[in-house]
Amino acid sequence: MEKRFDSAALFLPIMGISLVLMIWTGLSLKVAPDLPSPLRTWYESQNYILNPFFKDGEMNQGILRFAFLSLIRVAKGFLLAIAIGTPLGFLLGLSVNFHRAFDPVIQVLRPISPLAWLPLGLVIFKQSEPAALFTIALCAMWPTVINTAMGVRSIGTEYLNVGRVLKLSPLKKLTKIMIPATLPFMFTGYRLSLGMAWLVIVDAEMLTGSPGLGGFLWQEYNSLVYSHILLSVLAIGLIGFALDRLMSVVERRFKTA
Amino acid sequence: MAYLEIRGVGKSYRRGASGTSAQSGRLAVLCDIDLAIDENEFVCIVGRSGSGKTTLISLIAGLLEPDRGEILLDGKIIEGPGPDRGVVFQNYSLLPWMNVFENVYLAVDAVAPDLAEAEKRERAEHYINLVNLSAAMKKMPRELSGGMRQRVAVARGLAMDPKVLLMDEPFSALDALTRGTLQEELARIWMETQKTVVMITNDIDEAILLADSIYTLTSGPGATLGPAVRVETPHPRSRAQLIDEPGYQGVRRETVNVLMSGRTRGATDSTVEKNYFIERRKH
């Protein structure tokens with residue numbers, strides 16, 4: 001079979017995007033007059049996009065500069081999340097008793113919204129930056145914890161039997177068998193955790209008023225520049241999408257067998 | 001005294017939740033297993049699927065503990081798994097995140113951690129050469145065919161330099177031609193290394209080709225070992241040559257009879273041991 005150019009693969013997404021833009025325009029014209037239309041959004045935001053690195057004060061910077069600040073914050077929170085979440089997941093997967101003791105706690109902590117954690121973070125740390133990291137890490141670590149635990153629990157007995165027959169030391173068993181066998185699960189957890197951290201960043205920056213995409217969004221809402229809300233929303237979506245693609249490439253690299 | 005000795009070993013598993021009978025709640029898999037294997041002997045245990053063959057090899061390996069009886073290797077009761085009993089698993093059990101060399105090296109490093117690095121590497125390479133895989137040293141298991149993977153598993157088992165090599169249906173997942181090649185290579189390797197080997201199989205011809213003694217496991221539950229059938233044809237044997245042997249059909253018939261006769265419990269201690277002297281035909 002000859003390989004043909006699949007025009008539908010190009011045409012259909014364009015159609016989908018156009019449809020959404022039309023609904024957006026319709027909404028701004030008929031339903032919500034305060035909602036800027038796509039065209040107005042572009043006119044009022046183009047400076048942020050065309051000069052993505054300008055800086056004119058803390059809360060007035062190019063969109064990529066804001067994105068960079070948010071990404072740094074997310075990276076810190078995410079690293080904290082996996083640094084705590086991975087060993088925690090390992091312990092949960094390894095020990096039935098540990099699982100029995102802490103699973104109820106985790107199940108209760110897991111559904112708590114970042115908006116609930118942040119004030120607590122502020123109470124504990126008295127400063128907005130550590131409070132933001134605390135919130136990101138606490139909300140983002142659960143997928144890592146749960147996937148790692150599941151990965152450890154599903155290590156094939158055949159691999160463990162190899163370790164038993166060879167009488168591997170606990171350290172060797174961990175580094176040669178358990179960690180490599182769990183890696184694919186861990187990276188699925190990392191990908192989901194990163195997505196979560198990116199979701200939380202907006203909340204964290206909104207409430208702490210830190211410079212970044214979320215902080216900018218909230219400030220522009222307060223200054224009634226609604227087109228910049230849309231600009232931030234789109235930037236958050238696109239960057240989140242890019243992060244997820246990036247992580248799934250990494251994740252696929254660790255799929256063994 | 002025998003090198004590897006199994007004395008009155010029994011093993012049962014807890015019956016599943018679906019079991020309606022409230023008698024004992026346990027399902028006997030193996031009963032009264034007695035077996036004595038000499039050093040350098042090649043023993044095959046033949047049994048139908050579900051007869052508890054894998055349970056038996058796991059007991060010898062120490063991966064399972066017997067409910068009754070004991071297993072002695074070289075005069076010592078075995079407790080748990082250990083590198084003196086190398087295992088070649090049915091599903092190869094290679095670590096998919098390590099290449100061929102690393103898989104074998106892991107075994108060398110585990111049993112002889114004090115050797116110099118170069119010596120350990122040399123030993124791993126030696127066993128990979130022995131199974132004719134030196135060209136695939138850096139390949140990952142997923143890049144290998146089933147036959148090649150099983151060769152790696154054999155190399156890993158041998159690299160532990162165990163007192164006994166335990167093989168659990170090592171060739172059952174392979175196609176007939178590959179199986180034939182590997183059987184003949186195993187025979188060659190066995191003659192070179194002079195290991196004591198216990199191999200589980202469901203292929204009678206494979207057993208006749210390789211083994212000094214063939215034991216049959218009666219159908220489970222509550223399987224036990226039937227009488228030994230000895231194959232006296234000198235090694236190395238070849239498949240083609242065996243078919244022409246006058247005694248071959250006799251050994252085959254006898255083994256099949258024991259297999260099919262169902263329960264022959266108690267037959268082990270009576271002296272029904274059959275000896276078959278297959279004279280080697282002159283070519």
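Keep in mind the model is a prediction, meaning the values are calculated, not measured.

Conventions and cut-offs
- Residues numbered from 1 in each chain as written.
- Chains lettered and ligands numbered in written order.
- Predicted model: local features only at pLDDT ≥ 70, side-chain atom pairs only at ≥ 80, totals over all residues.
- Helix = DSSP H or I, 4+ residues; strand = E, 2+ residues; numbered from the N terminus.
- Buried ≥ 20, exposed ≤ 12 C-beta atoms within 10 Å, placed from the backbone.
- Contact = placed C-beta atoms within 7 Å.
- Axes fitted to C-alpha atoms, helices over the stretch in contact; angles between N-to-C directions.
- Parallel < 35°, antiparallel > 145°, perpendicular 65-115°, else oblique.
- Left-handed = near helix turned anticlockwise from the far one by under 90°.
- Nonpolar A, V, L, I, M, F, W, Y, C, P; charged D, E, K, R; others polar.
- Pairing = 2+ DSSP bridges.
- pLDDT = per-residue confidence, 0-100.
- Domains from an automatic or database assignment.
- Core = buried A, V, L, I, M, F, W, Y, C linked by C-beta atoms within 7 Å.

1. Thoughts on the overall build of chain A
(1) Moving on: What chain A contains, in helices and strands, is 10 helices and 0 strands.
(2) Moving on: Start at the N end of chain A and walk to the C end: the helices and strands fall as α-α-α-α-α-α-α-α-α-α.
(3) Moving on: Dimensions along the principal axes, computed over C-alpha positions, put chain A at roughly 70 × 65 × 35 Å.
(4) Moving on: Going through the 257 residues of chain A one by one, you find that 39% of them count as buried.
(5) Moving on: By sequence separation, contacts in chain A at least 24 residues apart represent 69% of the contacts at least 6 residues apart.

2. Description of the packing of helix α2 (residues 100–111) of chain B against helix α3 (residues 117–130) of chain B
For any two helices packed against each other, one specifies the crossing angle of their axes together with the interaxial distance.
All names here are of chain B.
(1) Moving on: Two elements in contact, α2 and α3, have axes whose closest approach is 9 Å; the angle formed by their N-to-C orientations is 120°. As far as their axial angle goes, α3 and α2 are oblique. Remark: the crossing between α2 and α3 carries right-handed chirality. Note on element contacts: α3 touches α2 through K120, R121, R123, A124, Y127 and I128, opposite V100, F101, V104, Y105, V108 and D109.
(2) Moving on: Residues of the contact of α2 with α3, tallied by class, amount to 8 nonpolar, no polar and 4 charged.

3. Here we look at the pairing of strand β9 (residues 213–217) of chain B
Looking down a regular strand, the side chains alternate between one sheet face and the other.
All names here are of chain B.
(1) Moving on: Judged by how many residues are buried, β9 sits mostly within the fold: 4 of 5 residues are covered.
(2) Moving on: In terms of strand pairing, strand β3 (residues 42–47) meets β9 through 5 bridges, oriented parallel. Within the sheet, the bridge partner assigned to I45 lies in β9 and is Y215.
(3) Moving on: In terms of strand pairing, β9 meets strand β10 (residues 229–231) through 2 bridges, oriented antiparallel. Of the residues in β10, the one forming a bridge with S213 is R230.

4. Digging into the interface of chain A and chain B
(1) Moving on: Tallying the contact residues gives 14 residues for chain A and 16 residues for chain B.
(2) Moving on: Of all the elements, helix α7 (residues 157–165) of chain A adds the most residues to the side of chain A that touches chain B, at 6 residues.
(3) Moving on: Across the side of chain A that touches chain B, the residue classes tally to 8 nonpolar, 2 polar and 4 charged.

5. Focus: the packing of helix α8 (residues 170–208) of chain A against helix α9 (residues 213–222) of chain A
All names here are of chain A.
(1) Moving on: Two numbers describe how α8 lies on α9: the axes approach to 7 Å, and their chain directions differ by 55°. When the axis of α8 is compared with that of α9, the two are oblique. Pair α8 / α9 crosses with right-handed handedness. Judged by residue contacts, I201, V202, D203, A204, E205 and M206 of α8 engage L213, G214, G215, L217 and W218 from α9.
(2) Moving on: Classifying every residue of the contact of α8 with α9 gives 7 nonpolar, 2 polar and 2 charged.

6. Overview of the confidence of the model for chain B
Residues and elements named next belong to chain B.
(1) Moving on: Taken over all residues, the pLDDT of chain B has a mean of 82, while the share at 70 or more is 88%.
(2) Moving on: The least confident element of chain B, judged by mean pLDDT, is strand β11 (residues 274–276) at 42; the most confident is α2 at 94.
(3) Moving on: The complex model carries a pTM of 0.80, and its ipTM stands at 0.81.

7. Notes on the domain arrangement of chain A
(1) Moving on: According to the domain assignment, chain A contains domain 1 (1–35) and domain 2 (45–253).
(2) Moving on: For domain 1 of chain A versus domain 2 of chain A, the distance between C-alpha centres works out to 31 Å.

8. Remarks on the nonpolar core
(1) Moving on: Ranked by size, the top nonpolar core spans 142 residues in total, and within it I136, A140 and A197 of chain A together with V104 and A155 of chain B carry the most contacts.
(2) Moving on: Residue contributions to this core peak at 17 residues, all from α8 of chain A.
(3) Moving on: Every residue in contact with A140 of chain A, bar those within four places of it in the chain, is listed here: G77, F78, A81, S193, M196, A197 and V200 of chain A.

9. Topic: the pairing of strand β1 (residues 4–14) of chain B
All names here are of chain B.
(1) Moving on: Bridging between β1 and strand β2 (residues 26–37) involves 8 bridges; their strand directions are antiparallel. Among the inter-strand pairings, E5 is bridged to a residue of β2, identified as A36.
(2) Moving on: Bridge count between β1 and strand β4 (residues 68–73): 5 bridges; the pairing is antiparallel. Its bridge partner being in β4, G10 is matched across the sheet by R68.

10. A short note on unusual backbone geometry
As a rule of thumb, non-glycine residues mostly have phi less than zero, and peptide bonds are mostly trans rather than cis.
All names here are of chain B.
(1) Moving on: Of note, D32 is a non-glycine position whose phi angle comes to about 45°, a positive value.
(2) Moving on: Mapped onto the elements, D32 comes out in strand β2.
(3) Moving on: On the basis of neighbour count, D32 is assigned to the partly exposed category, with 18 C-beta atoms found within 10 Å.
(4) Moving on: Here the phi dihedral of D74 falls at roughly 55°; this positive angle occurs in a residue that is not glycine.
(5) Moving on: Mapping D74 onto the fold places it in the loop between β4 and β5 (76–77).
(6) Moving on: Its 15 C-beta neighbours within 10 Å are what place D74 among the partly exposed residues.

11. So, the sheet that holds β1 of chain B
Residues and elements named next belong to chain B.
(1) Moving on: Pairing within the open sheet is antiparallel, and its 4 strands lie in the order β2-β1-β4-β5. Looking along the sheet, the strands with just one partner apiece sit at the ends: β2 and β5.
(2) Moving on: Sheet contacts for helix α1 (residues 53–61): β1, β2 and β4; angle to β2, the most-contacted strand, approximately 60°.

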